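So you can see what is in the structure, the chains are spelled out below.
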Amino acid sequence: MAKANQFSCNACGASHQKWSGRCDACGEWNSIVEDVPLSTGPASKALGAARGRSIPLSDLATEEAPPPRTQSGMAELDRVLGGGLVPASAILVGGDPGIGKSTLLLQAAASFARVGLKSVYISGEEASAQVRMRAQRLGLTDAPVKLGTETNLRDILTTLENEKPDIAIIDSIQTMWADNVGSSPGSVSQVRAAAHELTSFAKRKGLAVVLVGHVTKDGQIAGPRVIEHMVDTVLYFEGERGHQFRILRAVKNRFGPADEIGVFEMTGAGLREVTNPSALFLSERDKPAPGSVVFAGIEGTRPVLCELQALVAPSPHSQPRRTVVGWDSGRLAMILAVLEARCGIPFAGLDVYLNVAGGMKITEPAADLAVAAALLSAREDAALPSDTVVFGEISLSGALRPVGQTENRLKEAKKLGFTGAIAPARSKTGTQSGFKVQKMSDLTAFVGDIFGA
Ligand code: TYD
Ligand code: MG
């Protein structure tokens, strides 16, 4: 019996039984397309070299030693990869167009080549002359990287077969097309087929493939999310257009901690690593100002201090504005509600703006107390001491909950010249000489102690 056709969403990758104008899963319009079956055509024949074979788990240790990792020498990149590049792995690097993915990966290819890996960079978007120009600008013309400009998957696999590289960068997966799949490049079927062929090739031949994927908002081409589940590691390269800082974030990693970040700065000669992000995110801070609070956060395994800025002003609108950059707006609404219900501090009739400085995005609930502090400080027009960091989670009852890695947060604050912290009671702070930790059990106590309200 013929299998009924499947449909999937170009934006989020959700599967559907029938076509419709709008995807139920992500709400995107006009993004659902028919899947074309991948099972036909000769390219998939080579799969399954060890078909029908299984080995006991206990034998694995003797059969295969843990893969040796290769470090590129770009410490920020190596950390996000979980300590270096793992052979026979597939890595997806997603990000908005123009954010710097090609720049990052050309630099990575050169770094890996310089430490002795055979690197191949395949561009489906730029001509070799353009890639060479970029390499010139980055000062990488002498790096032993092989360049290819191809989009046909079969040609690419042939190139990789001949070159036998240790690392292959495919820029971008959305320009690649498999000639046994009938739809146009960039469609869900093509992106899936190309990613599938490349990842299984990587596993079979023991090389690492890096797939570059553009994040798309219009659903014209499939976003990188449709292949996230196929790869071992998913990294997103993010940043604000107006800022020179770029953050490489691991959102999935089979070989290391997720949520790890690497920080880069886009300069005229490519991406420069930022080894001390806290200093960078705080560098633009001047005198103590109402509404400005330093949050001691943790990104992955590393403490990162950053500045939260709030502005609270009487609203001319019947529905006051709530604008957030770099944090979750739902979480902001919750904190405003807790401040109002538990501490009797209303924000009705006031516009509220919250901004994380430097283009940083915070996802930790540990930032709750710092957000509340910034909001109160802006509302009361009273600056917090500029040498104090704040962290802690706020529960709906107004109680403050301790958060993970307290000591690391305090150590980083101390290292950067801060002399005190405000933290939840019951936090395991240890002893830090010359550093004062004020512990608060709930938000009401915090408001009373810090703002005298
Ligand atoms: P690119 O790597 O092409 O982005 P993506 O591959 O994610 O689409 O980077 C594009 C931007 O980076 C472009 O606006 C110019 C800027 N850029 C620099 O500022 N300095 C540089 O050295 C390079 C190569 C690019
Ligand atoms: Mg590019």
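On a predicted model such as this, the values are computed, not experimentally measured, just so you know.

**So, the pairing of strand β5 (residues 119-123)**
Successive residues of a regular strand alternate their side chains across the two faces of the sheet.
Okay, so step 1: Within β5, five of the five residues are buried, which leaves the element mostly enclosed by the surrounding structure.
Okay, so step 2: Covered by surrounding structure in β5 are S119, Y121 and S123 together with V120 and I122, the residues of both alternating faces.
Okay, so step 3: Note that β5 and strand β6 (residues 145-148) share four bridges and pair parallel. Among the inter-strand pairings, S119 is bridged to a residue of β6, identified as V145.

**Digging into helix α6 (residues 188-205)**
Okay, so step 1: Helix length check: α6 (18 residues) gives 25 Å between terminal C-alpha atoms against 26 Å at 1.5 Å per residue, within 8%.
Okay, so step 2: With 13 of its 18 residues buried, α6 lies for the most part within the structure.
Okay, so step 3: Immediately downstream of α6, the backbone of G206 shows phi near 80°, a positive value.

**A few points about the environment of Q438**
Okay, so step 1: Among the secondary structure elements, Q438 is positioned in strand β21 (residues 436-440).
Okay, so step 2: On the basis of neighbour count, Q438 is assigned to the partly exposed category, with 15 C-beta atoms found within 10 Å.
Okay, so step 3: Separated by 180 residues in the primary sequence, Q438 and A258 place their C-alpha atoms 31 Å from one another.

**Focus: the pairing of strand β15 (residues 322-325)**
Okay, so step 1: Here β15 pairs with strand β16 (residues 350-356) via four bridges, running parallel. Each bridged residue has a counterpart across the sheet, and for V324 the counterpart in β16 is L354.
Okay, so step 2: Chirality of the crossover, the property in question, places the unit of β15, helix α8 (residues 329-343) and β16 among those that are left-handed.

**Considerations on helix α3 (residues 101-114)**
Okay, so step 1: Taking 1.5 Å per residue, 14 residues should reach 20 Å; α3 reaches 20 Å between its end C-alpha atoms and fits that length.
Okay, so step 2: Within α3, 12 of the 14 residues are buried, leaving the element largely enclosed by the surrounding structure.
Okay, so step 3: Taken together, the buried positions of α3 are K101, S102, L104, L105, L106, Q107, A108, A109, A110, S111, F112 and A113.
Okay, so step 4: In the segment just after α3, G116 is the residue with positive phi, at about 105°.

**Quick look at the packing of α8 against helix α11 (residues 443-451)**
Okay, so step 1: Remark: α8 packs on α11, axes separated minimally by 10 Å, with the N-to-C direction vectors making an angle of 85°. It follows that α8 is roughly perpendicular to α11 by the angle criterion. On α11, the residues that touch V338, R342 and C343 of α8 are L443, T444 and V447.
Okay, so step 2: Residues that form the contact of α8 with α11 fall into these classes: four nonpolar, one polar and one charged.

**Some details on unusual backbone geometry**
Okay, so step 1: Between D171 and S172 the backbone carries a cis peptide bond, its omega angle lying at 0°.
Okay, so step 2: Secondary-structure assignment places S172 in the loop between β7 (167-171) and α6.
Okay, so step 3: Notably, A88 is not glycine yet its phi reads approximately 55°, a positive angle.
Okay, so step 4: Assignment of secondary structure puts A88 in the loop between α2 (75-80) and β4 (90-95).
Okay, so step 5: For A88, a count of 15 C-beta atoms within 10 Å gives the class partly exposed.

**Overview of the site of ligand 1**
Okay, so step 1: Around ligand 1 sit 15 residues, and of these G100, K101, S102, T103 and G270 come closest.
Okay, so step 2: Those elements that provide at least two residues to the shell around ligand 1 are α3 and α4 (128-137).
Okay, so step 3: At three residues, α3 tops the list of elements feeding residues into the shell around ligand 1.
Okay, so step 4: Taken together, the residues of the shell around ligand 1 sort by class into five nonpolar, seven polar and three charged.

**Focus: the domain arrangement of the protein chain**
Okay, so step 1: According to the domain assignment, the protein chain consists of domain 1 (70-275) and domain 2 (280-451).
Okay, so step 2: Inter-centroid distance (C-alpha atoms) of domain 1 to domain 2 is 36 Å.
Okay, so step 3: Across the boundary between the two partners, domain 1 contributes 11 residues, which contact seven residues of domain 2.
Okay, so step 4: Its residues assigned to classes, the side of domain 1 that touches domain 2 comprises five nonpolar, two polar and four charged.

**A word on the sheet that holds β4**
Okay, so step 1: In spatial order, the strands read β6-β5-β7-β8-β4-β9-β10-β11-β12; together these nine strands make up an open sheet with mixed pairing. If you trace the sheet from one side to the other, it starts and ends with β6 and β12 (270-273), each paired once. For this sheet the average axis-to-axis angle between neighbouring strands, irrespective of direction, equals 25°.
Okay, so step 2: Alignment of β7 against strand β8 (residues 208-214), held across four bridges, turns out to be parallel. Counted as the bridge partner of I170 is L211 from β8.
Okay, so step 3: Its contacts with the sheet put helix α5 (residues 153-163) on β5, β6 and β7, and the angle it makes with β5 is roughly 165°.
Okay, so step 4: Those strands touched by α6 are β4, β7 and β8, and its axis lies near 160° from that of β8.

**With respect to the sheet that holds strand β3 (residues 32-34)**
Okay, so step 1: One open sheet holds the three strands; their spatial order is β2-β1-β3, and the pairing between them is antiparallel. Strands with a single pairing partner mark the edges of an open sheet, and in this sheet they are β2 (15-16) and β3.
Okay, so step 2: Here strand β1 (residues 7-9) runs beside β3; their pairing, made up of three bridges, is antiparallel. Directly across from C9, in β3, lies its bridge partner I32.

About the criteria used
Residues numbered from 1 in each chain as written. Chains lettered and ligands numbered in written order. Predicted model: local features only at pLDDT ≥ 70, side-chain atom pairs only at ≥ 80, totals over all residues. Buried ≥ 20, exposed ≤ 12 C-beta atoms within 10 Å, placed from the backbone. Helix = DSSP H or I, 4+ residues; strand = E, 2+ residues; numbered from the N terminus. Pairing = 2+ DSSP bridges. Expected span 1.5 Å × (residues − 1). Right-handed = clockwise from strand over helix to strand, strands pointing away. Axes fitted to C-alpha atoms, helices over the stretch in contact; angles between N-to-C directions. Parallel < 35°, antiparallel > 145°, perpendicular 65-115°, else oblique. Contact = placed C-beta atoms within 7 Å. Nonpolar A, V, L, I, M, F, W, Y, C, P; charged D, E, K, R; others polar. Near = placed C-beta within 6 Å. Domains from an automatic or database assignment.

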